[in-house]
Amino acid sequence: KAQEWTFTVEREMGHDFLLKASYTGNHGSDLQQHWDFNAPTSRFNYQAQTGLQAPSLSYLRQVNPNWALTGSYGILEHNGYSNSNSFQIGVDKRFSAGLQFQAFYVYTHAMTTNDAGGSTSGGGGFNTTSTGSGSQGGGTSVSVPANNEILGDPSLSASQRLRFIYTNSSQVPPQRITWNGIYELPFGKGKKFLGNSNWVANTLAGGWQIAWIGTWDNGYWMGVNSGDYIFSNPALSGDQRLKMTIFGQNQMLWFAGDFDPTQATNVDQAKLTSLVPVDRGQRRIHPIGGNFDNRVPQTLANGTVVQTTITDNLSSNSRNFFLGPWAWDQDVSLFKYFSFGERVRLRMSGDFFNVFNHPLLNNPNPTTGLINLSSQPNSPRIIQIGARVEF
């Protein structure tokens with residue numbers, strides 16, 4: 001179920017322009033939601049409660065070991081929810097003097113418990129990491145953890161556990177600008193140029209139109225690998241993002257991740273190590289434990305100390321808290337109609353997708369924070385020539 005409310009103000013700016021400002025709010029409820037049910041108690045919680053070493057077979061730590069989980073990520077219910085607030089400013093120039101265009105700026109704050117995209121199916125575990133959306137990734141439906149999968153096995157209500165996965169949507173960028181338009185080129189009879197041209201010149205040069213559509217967004221929300229724990233904010237500003245050669249590739253540091261900075265070349269090492277220290281324990285994100293393997297010492301009832309994993313507990317990391325790379329695209333079409341009598345027309349067109357042939361940035365690796373600059377997620381310029389007969 002979706003509820004939506006909108007408030008809009010429009011004003012004429014002369015006889016050609018319309019200025020529009022609007023607010024749209026949205027609340028989604030009863031969304032399909034994965035829930036962990038009869039989940040295995042985490043190793044740490046099991047050993048803390050019983051004083052015994054946890055069985056390696058996870059089903060032996062379920063409340064009912066004879067009943068398997070339904071599907072891969074528990075059961076499906078319809079109690080997820082989402083909220084969004086969107087503000088839009090737009091300008092619309094009506095067609096006159098051979099020109100028409102529209103441009104819109106939209107700011108959106110969207111949060112949800114279910115981050116699956118419109119073409120995404122299936123679900124992910126409660127520690128699944130979002131890696132952005134659009135042409136650069138996709139969301140997923142994250143499962144709600146059971147109490148015994150939360151460190152300390154607290155007695156939390158279903159609504160409290162659902163709040164753990166209520167986060168910024170990785171499907172909606174906070175800011176987006178879109179624009180489109182069409183322009184009749186000023187060539188041919190009755191136009192500014194070649195206005196007195198003969199039939200041949202007018203047929204070849206007159207009547208051409210150019211249309212365009214473009215978008216820009218400031219990136220999609222994403223998070224870090226759940227196997228690395230956050231000790232301080234790894235997000236970087238634009239002037240801190242260093243380029244380097246590392247792991248055999250040209251890369252850019254998008255956020256201060258977890259990797260060995262001494263392997264990097266063609267970079268200011270002092271600046272790099274101030275962001276990603278050589279000492280792994282001083283990095284902003286890294287695994288927990290003396291061996292950085294996400295295992296911690298735990299004393300059993302008989303006094304034995306065992307190294308226990310914590311990765312089967314809900315991660316304490318923030319979700320979708322920084323933005324991935326911004327992106328933009330511009331497509332252009334050039335076309336003209338040729339008339340043959342009153343009933344037949346031939347449309348010739350040339351379509352230019354990604355007309356400026358610019359590469360977008362990949363999303364950063366969720367562990368290292370590095371972006372591989374040797375590839376791109378978008379297609380290069382594509383030119384399409386077409387002809388269409390209308391009758």
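For clarity, every value in this text was computed on a predicted model and none was experimentally measured.

Chemist: What should I look at first to understand the overall build of the protein in this one?
Modeler: Helix and strand content of the protein: 4 helices and 21 strands. A principal-axis box enclosing the C-alpha atoms of the protein has dimensions of 100 × 55 × 40 Å. Sorting the 391 residues of the protein into buried and exposed places 40% on the buried side. Taking the contacts inside the protein whose residues are at least 6 apart along the sequence as the reference set, 68% of them involve residues at least 24 apart. Total accessible area on the protein is roughly 20600 Å²; 55% of this is exposed by carbon and sulfur atoms. Within the protein, the 26 negative side-chain charges are centred at a point lying 7 Å from the centre of the 27 positive side-chain charges.

Chemist: Looking at this structure, how should I read the pairing of strand E15 (residues 295–299)?
Modeler: Each regular strand carries side chains that alternate between the two faces of the sheet. Residues Val296 and Gln298 point to one face of E15 and are all buried, whereas Arg295, Pro297 and Thr299, pointing to the other face, are not buried. In terms of strand pairing, E15 meets strand E16 (residues 305–309) through 5 bridges, oriented antiparallel. Bridging from a neighbouring strand, Gln298 pairs with Val306 of E16.

Chemist: For this particular structure, what's the right way to read the pattern of salt bridges?
Modeler: When their charged atoms lie close together, side chains carrying opposite charge are able to pair. All told, the structure shown has 6 salt bridges when counted by the stated rule. With a shortest N-O distance of 3.1 Å, Arg345 and Glu390 are connected by a salt bridge. Taken as a pair, Arg345 in strand E19 (residues 344–353) and Glu390 in strand E21 (residues 382–390) lie far apart in primary sequence, 45 residues in all. Overall, the relative accessible area of 24% leaves Glu390 in the partly exposed class.

Chemist: Please clarify how helix H1 (residues 43–50) should be interpreted in this entry.
Modeler: Residue pairs three or four apart in sequence face the same way in an α-helix, which turns once every 3.6 residues. Residues Asn45, Tyr46 and Gln47 constitute the buried set of H1. Looking at the buried positions of H1, the neighbouring elements they touch are E15 and E16. Looking at the residues trailing H1, positive phi occurs at Gly51, about 75 degrees.

Chemist: Got a minute to help me understand the nonpolar core in this structure?
Modeler: Soluble globular proteins tend to bury their nonpolar side chains together. Core analysis: the largest hydrophobic core is formed by 13 residues, its most contacted members being Met244, Leu253, Phe259 and Leu272. Looking at this core, the elements with two or more residues in it are strand E12 (243–246) and helix H4 (269–275). The contacts of Phe259, once residues within four sequence positions are left out, are Ile246, Phe247, Leu253, Leu272, Val276, Arg283, Thr368 and Leu370. Core analysis: the second largest hydrophobic core is formed by 8 residues, Met222, Val224, Ile285 and Phe322 among them.

Chemist: What should I look at first to understand the sheet that holds E12 in this one?
Modeler: Within a sheet, each strand pairs with its neighbour through backbone hydrogen bonds, oriented either parallel or antiparallel. Strand order in the open sheet formed by 3 strands is E12-E13-E20, with antiparallel pairing between adjacent strands. At either end of the open sheet lies a strand with only one pairing partner, and these are E12 and strand E20 (370–372). Averaged over all adjacent pairs, the angle separating strand axes in this sheet is 40 degrees, with direction ignored. Both strand E13 (residues 249–253) and E20 contribute to a ladder of 3 bridges, which runs antiparallel. Within the sheet, the bridge partner assigned to Met252 lies in E20 and is Ile371.

Chemist: For this particular structure, what's the right way to read the side chain of Asp217?
Modeler: If you trace the backbone, Asp217 turns up in strand E9 (residues 209–217). In this structure, Asp217 is buried with no salt-bridge partner, the nearest side chain bearing the opposite charge being Arg176 at 4.1 Å. Polar side-chain contacts of Asp217 include one of 2.9 Å to the backbone nitrogen of Gly219. Beyond its immediate sequence surroundings of up to four residues, Asp217 is in contact with Pro173, Gln175, Arg176, Trp326 and Ala327.

Chemist: I'm lost on the packing of aromatic side chains in this one. Help?
Modeler: What characterises a pair of aromatic rings is the spacing of the ring centres plus the angle enclosed by the ring planes. This structure, assessed with the given rule, holds 8 aromatic pairs. With centroids separated by 6.1 Å and ring planes inclined at 65 degrees, the aromatic side chains of Phe17 and Phe101 adopt a geometry described as edge-to-face. In this pair, Phe17 sits in strand E2 (residues 17–35) while Phe101 sits in strand E4 (residues 99–112), placing the two residues 84 residues apart along the sequence. You can call Phe101 partly exposed: its relative accessible area is 23%. Over the face of the ring belonging to Trp254 we find Arg241, whose NZ or CZ atom lies 3.5 Å from the ring centre.

Chemist: Would you take a moment to explain the environment of Gly195 for this structure?
Modeler: For Gly195, the location among the structural elements is in the loop between strand E8 (175–184) and helix H3 (199–205). On the basis of relative accessibility, which here comes to 24%, the residue Gly195 falls in the partly exposed class. Counting along the chain gives 165 residues from Gly195 to Asp30, while the straight-line C-alpha distance between them is 63 Å. Setting aside residues up to four positions removed in sequence, Gly195 forms contacts with Gly188, Lys189 and Gly190.

Chemist: Explain the side chain of Asn317 here, please?
Modeler: On the secondary structure map, Asn317 appears in the loop between E16 and strand E17 (322–323). Only 2.7 Å separates the side chain of Asn317 from the backbone oxygen of Asp228, close enough to count as a polar contact. Ignoring any residue separated from it by four or fewer positions in sequence, one finds Asn317 in contact with Val224, Asn225, Ser226, Asp228, Tyr229 and Ile230.

Chemist: It is not clear to me how unusual backbone geometry should be interpreted in this structure. Could you clarify?
Modeler: Comment: phi is negative for the bulk of residues other than glycine, and the bulk of peptide bonds are trans. A positive phi angle, close to 55 degrees, is found at Phe247, a residue other than glycine. By the secondary structure assignment, Phe247 is in the loop between E12 and E13. Owing to a relative accessible area of 43%, Phe247 belongs among the partly exposed residues under this scheme. Phi is positive for Asn354, close to 50 degrees, though the residue is something other than glycine.

Chemist: What's the story with a nonpolar patch on the surface in this structure? I'm lost.
Modeler: On the surface, Met13, Leu19 and Ile89 cluster together to form a nonpolar patch covering roughly 270 Å² of accessible area. Relative accessible area serves as the criterion here: at 41%, Met13 is assigned to the partly exposed category.

What counts and how
Residue numbers here run from 1 along each chain, matching the order of that chain's written sequence. Given that this is a predicted model, residues contribute local features only at a pLDDT of at least 70 and side-chain atom pairs are listed and counted only at 80 or more, while totals for whole chains, interfaces and linings are drawn from all residues. Side-chain metrics rest on all non-hydrogen atoms present in the structure, leaving aside hydrogens and water. Here a helix means four or more residues in a row that DSSP labels H or I, a strand means two or more in a row labelled E, and each is numbered from the N terminus. We call a residue buried when its accessible area falls under 20% of the maximum for its residue type, exposed when it is over 50%, and partly exposed in between, using a 1.4 Å probe and counting protein chains only. Any two residues whose heavy atoms approach within 4.5 Å at even a single point are treated as in contact. Throughout, the Shrake-Rupley method with a 1.4 Å probe supplies accessible areas, and for residues the shown protein chains are the sole cover considered. We treat Lys and Arg as the positive residues and Asp and Glu as the negative residues; His and chain ends play no part in the count. By convention, the point assigned to a charge is CZ for Arg, NZ for Lys, CD for Glu and CG for Asp. In this analysis, strands are considered paired if DSSP registers two or more bridges between them. One side-chain nitrogen of Lys or Arg within 4 Å of one carboxyl oxygen of Asp or Glu is enough to make a salt bridge. Think of a nonpolar core as a cluster: buried Ala, Val, Leu, Ile, Met, Phe, Trp, Tyr and Cys residues, connected wherever their side-chain atoms sit within 4.5 Å. Angles shown run from 0 to 180 degrees and are taken between the N-to-C directions of axes, each axis being a line fitted to C-alpha atoms and, for helices, limited to the stretch in contact. The term polar contact refers here to a pair of N or O atoms within 3.5 Å; inside protein, the definition further demands a hydrogen-donor-capable atom paired with an acceptor-capable atom, and it admits residues adjacent in sequence only when both atoms are side-chain atoms. The rule is short: rings of Phe, Tyr and Trp, with Trp giving its six-membered ring, pair when the centres are within 6.5 Å, and they are stacked under 30 degrees, edge-to-face over 60, tilted in between. Lysine and arginine charges are scored as sitting over a ring when NZ or CZ, respectively, is within 6 Å of the ring centre and within 35 degrees of the ring normal. Here the term patch refers to residues with relative accessible area over 30% and no salt bridge, with like charges joined within 9 Å and nonpolar side chains (Val, Leu, Ile, Met, Phe, Trp, Tyr) within 5 Å.

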